[in-house]
Amino acid sequence: MNLFRLLKHGLLSGFCMGCFCLSAVQITDGSGTAAAEIILPEGAEESSKLAARELAEYVAKISGGKLAVTSAPGSAANQIIIGTLQTLKDVPQEIRTRLEATQNNEAFCLMARGSRLYIVGKKRVAELFAAYTFLEEHLDVRWFIPPMPGDDGEYIAKRKAIT
């Protein structure tokens with residue numbers, strides 16, 4: 001089983017340091033329609049791309065809302081920014097300061113500012129840890145066992161609006 005699968009199923013939890021400053025950023029509206037888009041930086045790490053795909057997949061499983069993944073802001077009212085300190089140019093200073101202050105390269109920060117949700121890792125892969133933490137802690141997704149035929153081992157709380 002690879003690192004991403006182990007992480008996804010909670011078998012490697014507890015070795016990441018995160019900061020959480022979340023307020024309401026609407027991701028889907030009450031009808032299950034996407035109210036946000038996922039923005040990746042140019043030259044995004046593969047782990048950032050995986051984090052975006054996973055987040056979009058689980059938002060769809062939760063609400064039916066399909067989040068676009070793009071490298072340029074579109075018409076969505078809200079944005080989910082995913083990346084690392086190296087790949088994101090316009091990270092709020094508070095995020096940059098917190099992540100640069102730690103020696104833990106797996107450190108990440110989840111922070112909402114206005115209509116943006118930042119999912120930022122200090123180094124490559126940390127932003128993926130942040131995305132899984134967001135799914136577990138804020139969207140109530142749970143992975144109980146590795147997938148098996150007939151049982152994906154997931155618990156997903158269904159809801160139309162995600163804020």
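Basis of the calculations
Residues numbered from 1 in each chain as written. Predicted model: local features only at pLDDT ≥ 70, side-chain atom pairs only at ≥ 80, totals over all residues. Heavy atoms only, no water. Core = buried A, V, L, I, M, F, W, Y, C linked by side-chain atoms within 4.5 Å. Buried < 20%, exposed > 50% of the residue type's maximum accessible area, 1.4 Å probe, protein only. Helix = DSSP H or I, 4+ residues; strand = E, 2+ residues; numbered from the N terminus. Contact = heavy atoms within 4.5 Å. Expected span 1.5 Å × (residues − 1). Polar contact = N/O pair within 3.5 Å; in protein donor to acceptor, adjacent residues only side chain to side chain. Axes fitted to C-alpha atoms, helices over the stretch in contact; angles between N-to-C directions. Parallel < 35°, antiparallel > 145°, perpendicular 65-115°, else oblique. Left-handed = near helix turned anticlockwise from the far one by under 90°. Nonpolar A, V, L, I, M, F, W, Y, C, P; charged D, E, K, R; others polar. Pairing = 2+ DSSP bridges. Right-handed = clockwise from strand over helix to strand, strands pointing away. Phe/Tyr/Trp six-rings, centres within 6.5 Å; stacked < 30°, edge-to-face > 60°. Salt bridge = Lys/Arg side-chain N within 4 Å of Asp/Glu carboxyl O.

### Overview of the nonpolar core
Phase 1: One finds Ile38, Leu55, Leu67, Ile80, Ile82, Ile119 and Leu135 to be the most contacted residues of the largest nonpolar core, which totals 35 residues.
Phase 2: Mapped by element, the contributors of at least two residues to this core are β2 (36-39), α2 (46-63), β4 (78-84), β5 (108-113), β6 (116-121), α4 (126-139) and β7 (141-143).
Phase 3: When residues no more than four places from it in sequence are discounted, the contact partners of isoleucine 119 are Leu55, Ile80, Ile81, Ile82, Gly83, Cys109, Leu110, Glu127, Ala130 and Ala131.
Phase 4: Counting 12 residues, the second-largest nonpolar core is a separate cluster that includes Ile81, Leu85, Val91 and Leu99.

### With respect to α4
Within an α-helix, residues lying three or four positions from one another point in the same direction, as the helix has 3.6 residues per turn.
Phase 1: The first and last C-alpha atoms of α4 sit 19 Å apart over 14 residues, in line with the 20 Å expected at 1.5 Å per residue.
Phase 2: Among the 14 residues in α4, 11 count as buried, and that is most of the element.
Phase 3: Of the residues making up α4, those classed as buried are Ala126, Glu127, Leu128, Phe129, Ala130, Ala131, Tyr132, Thr133, Phe134, Leu135 and Leu139.

### Examining the environment of asparagine 104
Phase 1: Position of asparagine 104 among the secondary structure elements: in the loop between α3 (93-100) and β5.
Phase 2: Between the C-alpha atoms of asparagine 104 and lysine 123, which are 19 residues apart in sequence, the distance is 9.1 Å.
Phase 3: Among the polar contacts made by the side chain of asparagine 104, one reaches the main-chain amide nitrogen of glutamate 106 at a distance of 2.8 Å.

### Some remarks on the packing of α2 against α4
Phase 1: Close contact between α2 and α4 brings their axes to 8 Å; oriented N to C, the two are set at 20°. As judged from the angle between their axes, α2 and α4 are roughly parallel. Our pair here, α2 against α4, has a crossing hand that is right-handed. Residues Ser47, Ser48, Leu50, Ala51, Glu54, Leu55, Tyr58, Val59 and Ile62 of α2 form the contact with α4, whose own contacting residues are Glu127, Leu128, Ala131, Tyr132, Phe134, Leu135 and Leu139.
Phase 2: Here the contact of α2 with α4 is composed, by residue class, of 12 nonpolar, two polar and two charged.

### Describing the pairing of β2
Phase 1: The two faces of β2 match: Ala36 and Ile38 on one face and Glu37 and Ile39 on the other face are all buried.
Phase 2: Alignment of β2 against β4, held across four bridges, turns out to be parallel. In the sheet register, glutamate 37 faces β4, and the bridge partner there is glutamine 79.
Phase 3: Judged from the three bridges that link them, β2 and strand β3 (residues 68-70) form a sheet pairing that is parallel. Counted as the bridge partner of isoleucine 39 is threonine 70 from β3.
Phase 4: Following the chain from β2 across α2 to the adjacent parallel β3, one finds a crossover that is right-handed.

### Thoughts on the packing of aromatic side chains
Phase 1: Within this structure, the stated rule accounts for two aromatic pairs.
Phase 2: On the numbers, 5.5 Å between centres and 85° between planes, the contact of tyrosine 58 with tryptophan 143 is edge-to-face. Of this pair, tyrosine 58 sits in helix α2 while tryptophan 143 sits in strand β7, placing them 85 residues apart in sequence.
Phase 3: What makes tryptophan 143 buried here is its relative accessible area of 7%.
Phase 4: Each residue in the set Tyr58, Tyr132 and Trp143 is aromatic and connected to the rest through ring pairs, giving one cluster.

### Section: the pairing of β4
Phase 1: Most of β4 is tucked away: seven of the seven residues are buried.
Phase 2: Here β4 shows no split at all, with Asn78, Ile80, Ile82 and Thr84 on one side and Gln79, Ile81 and Gly83 on the other all buried.

### Regarding the pattern of salt bridges
A side chain with one charge can pair with a side chain of the opposite charge if their charged atoms come near.
Phase 1: With the rule as written, the count across this model stands at six salt bridges.
Phase 2: Connected through shared salt-bridge partners, Glu57, Lys61 and Glu154 make up one network.

These figures come from the coordinates and say nothing about function on their own.
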